[in-house]
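Overview (structure and organization)
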Amino acid sequence: AGQAAGRREHGQALVGYVQGQSLLAGMLLLHVREEEAFVCLENLLEMHHLPDFFSLDPRRILAYSRAFGVFLARHLPRLSARLRALAIDPTLFLLPWWLTMLAGTAPLGVASRVWDRCLLEGLGPLVSITLALLSAIAGVLLECDFGDTL
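Just so you know, these numbers come straight off a predicted model, no measurement behind them. (Residues numbered from 1 in each chain as written. Predicted model: local features only at pLDDT ≥ 70, side-chain atom pairs only at ≥ 80, totals over all residues. Heavy atoms only, no water.)

1. Quick word on the packing of aromatic side chains
Tallied over the entire structure, the rule returns five aromatic pairs. Look at Phe68 and Phe93: their rings are 6.3 Å apart centre to centre, the planes differ by 80°, and that puts the pair in the edge-to-face class. With Phe68 in helix H4 (residues 58–75) and Phe93 in helix H6 (residues 91–99), this pair connects stretches of sequence that are 25 residues apart. Overall, Phe93 belongs to the buried group, its relative accessible area being 13%. (Phe/Tyr/Trp six-rings, centres within 6.5 Å; stacked < 30°, edge-to-face > 60°. Helix = DSSP H or I, 4+ residues; strand = E, 2+ residues; numbered from the N terminus. Buried < 20%, exposed > 50% of the residue type's maximum accessible area, 1.4 Å probe, protein only.)

Written as structure tokens, this is what we have:
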């Protein structure tokens, strides 16, 4: 998927600050010292889906969104159809959720477990967890109009 956003070229990062990075840093600071958190954040920005998301390259993000849309349609067909009918692209919730690996969305205990799984296994658990979250609120979302669904 091209050159990773967090990789360095001649000692300089190829991505600047993007909203959501502070949540990643905050989660790391809960568990390690400041210096270690900085190194972890640098490494984290090169892992799994994060370089593609933090690059803010619309083509890369759209590829993830389309792939997730396939899983959504397979596992939650009514919700998928409802979101399509409302013209709500999964990118609208995937971007903030996946940029932070749910650190800004889920309670701390849940977010910590999500992080553990994602750091060990990659993007797969994040897809499953996102589907589980959507499944848990699908009943409500199926009854909402556009504004309330967002």
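The rest of the description comes next.
2. Focus on the side chain of Asp57
Within the fold, Asp57 resides in the loop between helix H3 (50–54) and H4. Relative accessible area serves as the criterion here: at 15%, Asp57 is assigned to the buried category. Within polar-contact distance, the side chain of Asp57 engages the backbone nitrogen of Arg59 at 2.9 Å. (Polar contact = N/O pair within 3.5 Å; in protein donor to acceptor, adjacent residues only side chain to side chain.)

3. Brief notes about the nonpolar core
Core analysis: the biggest nonpolar cluster contains 40 residues, and Phe68, Leu72, Leu79, Trp98, Trp115 and Leu134 have the highest contact counts within it. Mapped by element, the contributors of at least two residues to this core are helix H1 (21–29), helix H2 (34–44), H3, H4, helix H5 (77–85), H6, helix H7 (108–121) and helix H8 (124–141). The biggest single contributor to this core is H8, with seven residues. Beyond its immediate sequence surroundings of up to four residues, Trp98 is in contact with His49, Leu50, Phe53, Tyr64, Phe68, Leu123, Leu126, Val127 and Thr130. (Core = buried A, V, L, I, M, F, W, Y, C linked by side-chain atoms within 4.5 Å. Contact = heavy atoms within 4.5 Å.)

4. Comments concerning the side chain of Ser80
Considering the arrangement of structural elements, one finds Ser80 in helix H5. Classification of Ser80 as buried rests on a relative accessible area of 5%. A distance of 2.7 Å separates a polar atom in the side chain of Ser80 from a polar atom in the side chain of Arg84. With near-sequence residues (within four places) excluded, Ser80 lies in contact with Leu72 and Ala73.

5. Topic: the confidence of the model for the chain
Confidence along the chain averages 87 in pLDDT terms, with 89% of residues attaining 70 or more. At the low end of the mean pLDDT range in the chain sits strand E1 (residues 8–9), at 50; at the high end sits H5, at 96. Segment residues 1–7 is flagged for pLDDT under 50; beyond a separation of four residues in sequence, or across chains, it makes 21 contacts in the model. (pLDDT = per-residue confidence, 0-100.)

6. A word on H6
Those residues of H6 that sit buried are Phe93, Leu94, Trp97, Trp98 and Leu99. Residues of H6 that are buried make contact with H1, H3, H4, H5 and H8. Among the residues trailing H6, Met101 stands out with phi positive, at a value near 50°.

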